[in-house]
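Analysis of the macromolecular model
Listed below are the residues making up each chain.
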Amino acid sequence: MPATDRGVLLFLYGSLLDPKVLARQSGERSLARRLRPARLADYARRPLRGTRYPTLVPHPGAMTEGALLRAGPAAFRRLAAYEGAEYRLTPVRPMTPRGPVRARAWIAPRWRAG
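Quantities reported herein were computed from a predicted structural model and do not represent experimental measurements. Numbers given for residues are sequential positions, taken from 1 along each chain in its written order. Per-residue local features of the predicted model are confined to residues with pLDDT of at least 70, and side-chain atom pairs are confined, for both listing and counting, to 80 or more; whole-chain, interface and lining totals are unaffected and use all residues. To obtain the side-chain values, all non-hydrogen atoms of the structure were used and water was disregarded.

1. Things to note about the overall build of the protein
Cut-off, in case you're wondering: We count a stretch as a helix when DSSP gives it H or I for four or more residues in a row; a strand needs E for two or more, and each element gets its number in order from the N terminus. This radius of gyration counts C-alpha atoms alone. The globule rule is 2.2 Å times how many residues there are, raised to the power 0.38. Only protein chains enter the accessibility calculation, which uses a 1.4 Å probe; a residue is then buried when its area is under 20% of its type maximum, exposed when over 50%, and partly exposed in between. Whether two residues touch is decided by their heavy atoms; if any such pair falls within 4.5 Å, the residues are in contact. Values of accessible area rely on a 1.4 Å probe in the Shrake-Rupley scheme; residue burial ignores everything except the protein chains shown. Counted as positive: Lys and Arg. Counted as negative: Asp and Glu. His and the chain ends are not counted at all. Here the site of a charge means NZ on Lys, CZ on Arg, CG on Asp, or CD on Glu.
Summing up its helical and strand segments, the protein has two helices and seven strands in all. Reading the protein from its N end, one meets helices and strands in the order β-α-β-β-α-β-β-β-β. What you see for the protein is a C-alpha radius of gyration of 13 Å, in line with the 13 Å of a compact globule of 114 residues. In terms of principal-axis extent, the alpha carbons of the protein reach across some 35 × 35 × 25 Å. Counting every position in the protein, which comprises 114 residues, the buried fraction comes to 40%. For the protein, contacts bridging at least 24 residues in sequence account for 63% of all contacts bridging at least 6. Roughly 6800 Å² of accessible area belongs to the protein as shown, and the carbon and sulfur atoms make up 53% of that amount. Across the protein, the centroid of the 22 positively charged side chains sits 1 Å from that of the 7 negatively charged ones.

2. Describing the packing of aromatic side chains
For the record, the criterion: Here a Phe, Tyr or Trp ring, Trp counted by its six-membered ring, pairs with any other such ring whose centre lies within 6.5 Å, and the pair is stacked when the planes are under 30 degrees apart, edge-to-face when over 60, and tilted otherwise.
Tallied over the entire structure, the rule returns two aromatic pairs. For the pair Phe 11 and Tyr 13, a centre-to-centre distance of 6.3 Å together with 20 degrees between the ring planes defines the contact as stacked. The same class applies to Phe 11 as to Tyr 13, namely buried. Between Phe 76 and Trp 106, the aromatic rings sit 5.7 Å apart at their centres with planes inclined by 20 degrees, giving stacked as the arrangement. Remark: Trp 106 occurs in strand E7 (residues 103–107) and Phe 76 occurs in helix H2 (residues 73–83); sequence separation between them is 30 residues. Each member of the pair, Phe 76 as well as Trp 106, is classed as buried.

3. Quick notes on the nonpolar core
Going by this rule: Definition of nonpolar core: a set of buried residues of the types Ala, Val, Leu, Ile, Met, Phe, Trp, Tyr and Cys, connected through side-chain atoms within 4.5 Å.
Core analysis: the largest hydrophobic core is formed by 29 residues, its most contacted members being Leu 10, Phe 11, Leu 22 and Leu 79. Within the residue set of this core, elements represented by two or more residues are strand E1 (8–12), helix H1 (19–26), strand E2 (36–47), strand E3 (54–71), H2 and E7.

4. A short note on H2
Definition in use: For this quantity, the arc is that covered by the directions from the helix axis to the C-beta atoms.
Taken together, the buried positions of H2 are occupied by Ala 75, Phe 76, Leu 79 and Glu 83. Seen from one end, H2 has its buried residues packed into an arc of 100 degrees, which puts them on one side. For H2, exposure combined with an orientation more than 90 degrees from the buried face picks out Arg 77 and Ala 81. On its buried side, H2 packs onto E1, H1, E3, strand E4 (88–92) and E7. Backbone geometry just downstream of H2 places Gly 84 in the positive-phi region, at approximately 80 degrees.

5. Some thoughts on the pattern of salt bridges
Inclusion rule: In what follows, salt bridge is the name for a side-chain nitrogen of Lys or Arg lying within 4 Å of a carboxyl oxygen of Asp or Glu.
Following the criterion strictly, the structure yields two salt bridges and no others. The residue Glu 65 makes a salt bridge to Arg 39 at a minimum N-O spacing of 2.8 Å. With Glu 65 in strand E3 and Arg 39 in strand E2, this residue pair connects regions lying 26 residues apart in the sequence. Residue Arg 39 is classed as partly exposed on the basis of its relative accessible area, which comes to 40%. With its nearest N and O atoms 2.5 Å apart, the salt bridge here joins Glu 86 to Arg 112. Of the two residues, Glu 86 sits in the loop between H2 and E4 while Arg 112 sits in the segment after E7, which places them 26 residues apart along the sequence. Among the residues examined, Glu 86 registers a relative accessible area of 35% and is labelled partly exposed.

6. A word on the environment of Arg 24
Looking at the element boundaries, Arg 24 is found in helix H1. Exposure remark for Arg 24: the relative accessible area of 52% places this residue in the exposed category.

Have a look at this one:
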C-alpha cells in the first residue's frame, strides 16, 4: 500500500462518492466529510464491462469530476477489498482549487472498459 503516516490520498470518481456507500465500505461513518472536490484531466469515465460500475480510460481533452480522500490504513484496506481484483491502484495527478496533487485512483485495465 502506498501509505504514509497520514494515509493514502485517493481520487474517487464512482460509487464511493456516495456518502452511504463510502461509510458502509470503509467502516467509517464520517469519512464522507473529508471528501474534497477534484478533477482529473485527460481521463474519461466509462462503464466497466458487464457491471454498473465505472472505470477511467485515458482520453485527451476529457475531464472527470471526482473527489479526493485521505484514507487511513484500516479504511484503505476495506476500500481496496471493495474495489476488488478488477481494479489497479494507479498514480494520477488530479487538479484541486490549490493546484495539482499526487494521488491514486482505482482503475481497471483498459480492455475491461465497455
